[in-house]
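# Chain and residue survey
Chain by chain, the residues run as shown.
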Amino acid sequence: MIIFLSNTALFLTGYLINQGLTKRLRLVYTQATYYGFIGGMDIKPTHFLQLLVLLCATIITSLPTYAEHTINILPSDQKRNLGPGISWYEDSEGDLTFEQVKSLPISAFKPSDIYTFNQGYTSSSYWLKLNLEFAPDLINSHWLMEIPFPLLDYVALYLPDNEGGFSVIHTGDRSPFEQRDIDTTDFVFGITPKQQFNTYYLHIKTQDSLQVPLYLWSERAFPKHNSLMTGLQGIYFGIMVVMVLYNLFIFLSVRERSYLYYISYISAFTLFQASMQGYSFEYFWPNNTWWANINIPFFGVLALFFASLFARDILHTKLELPKFDKALLVIASALFFTLPIVLFGSYFAGIYAAIFSTFIFFNLVLVTGITAALKGNRTAKVFVIAWAIFLISGVISMLGMMNIIPLEYGSQSAIQIGSALEVILLSMALADRINLIEKEKAEIEAESKKVLLEANKQLENSNRLKDEFIATISHEIRTPMNGVLGSTQLLLDTQLNEGQKSYVDTINQSGQTLLEILNNILDYSKIEADKLSIEESEFNLEQIINECADFFSVISAQNRVKLYVRIHKDTPKIIKSDPCLLYTSDAADDLLCVD
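Note on numbering: residues in each chain are counted from 1, in written sequence order. Where totals are concerned, whole chains, interfaces and linings use all residues; where local detail is concerned, this predicted model gives features only for residues with pLDDT of at least 70, and gives and counts side-chain atom pairs only at 80 or more. As a rule here, side-chain values come from all non-hydrogen atoms in the structure, and water together with hydrogens is ignored.

In this analysis the probe radius is 1.4 Å and the grid spacing 1 Å, with only protein atoms considered; a cavity is a set of points the probe fits into but cannot get out of, a pocket is an open set with protein on both sides within 12 Å along at least five of seven lines, and lining residues have an atom within 4 Å of a point. Grid points are joined across faces, edges and corners, and a volume is the space filled by probe spheres set on the points. Following the criterion strictly, the structure yields two cavities of 30 Å³ or more and no others. Forming the boundary of the largest cavity are Pro150, Leu151, Asp173, Arg180, Ser275, Gly278, Ser280, Phe281, Trp285, Ala292, Asn295 and Ile296. Mapped by element, the contributors of at least two residues to the lining of the largest cavity are α7 (279–283) and α8 (289–314). Helix and strand definitions here come from DSSP, where helices need a minimum of 4 consecutive H or I residues and strands a minimum of 2 consecutive E residues; each element is numbered from the N-terminal end. No other element matches α8, which puts three residues into the lining of the largest cavity. Considering only residue class, the lining of the largest cavity consists of six nonpolar, four polar and two charged. In terms of lining residues, the second largest cavity is bounded by Ile86, Leu128, Leu130, Met145, Leu157, Tyr200, Tyr201, Leu202 and Leu214. Of all the secondary structure elements, the ones that give two or more residues to the lining of the second largest cavity are β6 (125–134) and β11 (197–205). Counting residues per element, the lining of the second largest cavity draws most heavily on β11, at three residues. Nonpolar residues are Ala, Val, Leu, Ile, Met, Phe, Trp, Tyr, Cys and Pro. Charged residues are Asp, Glu, Lys and Arg, and all others, Gly as well, are polar. Within the lining of the second largest cavity, the residues separate by chemical class into nine nonpolar, no polar and no charged.

Okay, here's the thing in structure tokens:
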């Protein structure tokens, strides 16, 4: 019997050691082994009693205690983190009243030993209990209790009075902004302790991540803190707005589609951050509580949708990475169709669809950027650095919101710092891309100019050869033509009847016209060479027109076409010009007509 009890005691001790309750149990186990308390061995009763007493004492001291923790507030305190002093109760059904919660035993509340109470995404409501003991001289002093997380739907603070009762302040982003106790983006309550020991209750329920960072501020310290945080937020949103305006100006100048996607992405993400920090609810839609909750996942998904289009365009995935381009199109479509789920479907379904799409999207874009960078895309290298920074900050923030890491390491400051660095780096990547485009354009223009100069040289050489050819041919034709004209002139000096004389005159005039045509060809060459000179002389216009008619009369007669001359009465007979270079005007039909 003693052997059985000894083995049972050793088993319980070993189990408790494996559970890691206390180090003292390891000592018990070591002592038992040392004295030979193993099944089947002889042990002395005194040793066994010593073992049982030690084991019972160890187990009793290891049991959890339910004494509530009280935070002491001193006159020197300016800021106190109340998180470690919280005890909490989960109301999974969400139907308990304050009177029911207040009457719960102390053991029903679980102590919280972390700086920020965080339950992640949950459908339960939670009751938080907080005991504060103020120094005697702090009774009736003014303090501020802050919850710097503006996304809680329902918040109720129950404050004790000096008669044993409680007053309540209701707020949350499901209530109009004007109902807040103090006009700030976060939830801030003014408290005035009526006695030294005070117990406060908080009732929290939300569809977003349930995070309750809780601080107590002195009335003097909080305005300085609030001004500092507002200034830091102003710097962040100032950077984002400046980047939007700067890139909008560049887009209007260069008309690059990448800039349009980038501006849309930054704008949507800035609105997302403004909603996360509570500024959108305070300044844009303080009374629209439905949109105040829905717009956060909506703008988040919309920002990622434009980011996917921007990534496709800046990385040239359609031409350089067609497989990744198809994947980006699929995720962009998934993000686009998530928007109506967020707006009109289940809130939790929209949240988890957005989280799932976001996880795939971030990793896909990072892998695509790395692949493009490995292929020598210089812009992709800057893109990868920017996206990696944003991805790390986003993961830290998401892990904090899902209660995987402590919130003090996963606060919104991480994603704000990361996003600010990202938009600056992406703007640099876009500028680098524009510089590359301008450089390529300059190289193409220089190459085009080089080709054009070479073509001009070839054209000039061709024109020179053409002019030389025309001059040579004209000279070769002019020599026999002069012989023809000379022969017709001699023939006119012989005895000819009227018919023969008319034919010879026609031959002579045609020869003269052909000679003038040759001269015109030479003049054309002179015009191209910028060497043409115009001679002015007086001549009879009517005579030239008649000679022209005589030239075409034979051909007209052969074709049975009537040819006659009509000269306007206001046409001068004698004009001064170069008769060899004279061209007919649009009124030539009035001078020379064919019927």
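Still to come is the rest of the account.
This brings us to the pairing of strand β5 (residues 116–121). When a residue's accessible area, from a 1.4 Å probe over protein chains only, is under 20% of the maximum for its type it is buried; when over 50% it is exposed; and in between it is partly exposed. In terms of residue burial, β5 counts as a mostly covered element, since five of its six residues are buried. Paired strands, as defined in this entry, are two strands with at least two bridges between them according to DSSP. Relative to strand β12 (residues 209–213), β5 runs antiparallel, the two sharing five bridges. Among the inter-strand pairings, Gly120 is bridged to a residue of β12, identified as Leu210.

When the centres of two rings from Phe, Tyr and Trp lie within 6.5 Å, Trp using its six-membered ring, the rings pair. Their planes under 30 degrees apart give stacked, over 60 give edge-to-face, and anything left gives tilted. Counted under the stated rule, the structure contains 36 aromatic pairs. Summarising the aromatic geometry, the rings of Phe362 and Phe390 are spaced 5.4 Å apart at their centres and angled 45° between planes, so their arrangement reads as tilted. Taken together, the residues span a long stretch of sequence, with Phe362 in helix α11 (residues 347–374) and Phe390 in helix α12 (residues 378–401) at a distance of 28 residues. Accessibility classification places Phe362 together with Phe390 in one group, the buried group. Aromatic rings pair up to connect Tyr262, Tyr265, Phe269, Phe272, Phe310, Phe361, Phe362, Phe383, Trp387 and Phe390 into one cluster.

Another aspect to go through is the sheet that holds strand β10 (residues 187–191). Strand order in the open sheet formed by four strands is β2-β13-β7-β10, and the pairing between neighbours is antiparallel. Where the open sheet ends on each side, the last strands, each with one partner, are β2 (79–81) and β10. Across this sheet, the average inter-strand angle for adjacent strands is 20°, counted without regard to direction. Across five bridges, the pairing between strand β7 (residues 143–147) and β10 is antiparallel. Within β10, the position partnered with Glu146 by the bridge is Val188. Running at roughly 115° to strand β13 (residues 215–218), helix α5 (residues 221–254) makes contact with β7, β10 and β13 of the sheet. Between N-to-C directions, angles span 0 to 180 degrees; the directions come from axes that are lines fitted to C-alpha atoms, helices contributing only their stretch in contact. Any pair of residues with heavy atoms lying within 4.5 Å of one another is described as a contacting pair.

The quantities given are spatial measurements derived from coordinates; they are silent on function.
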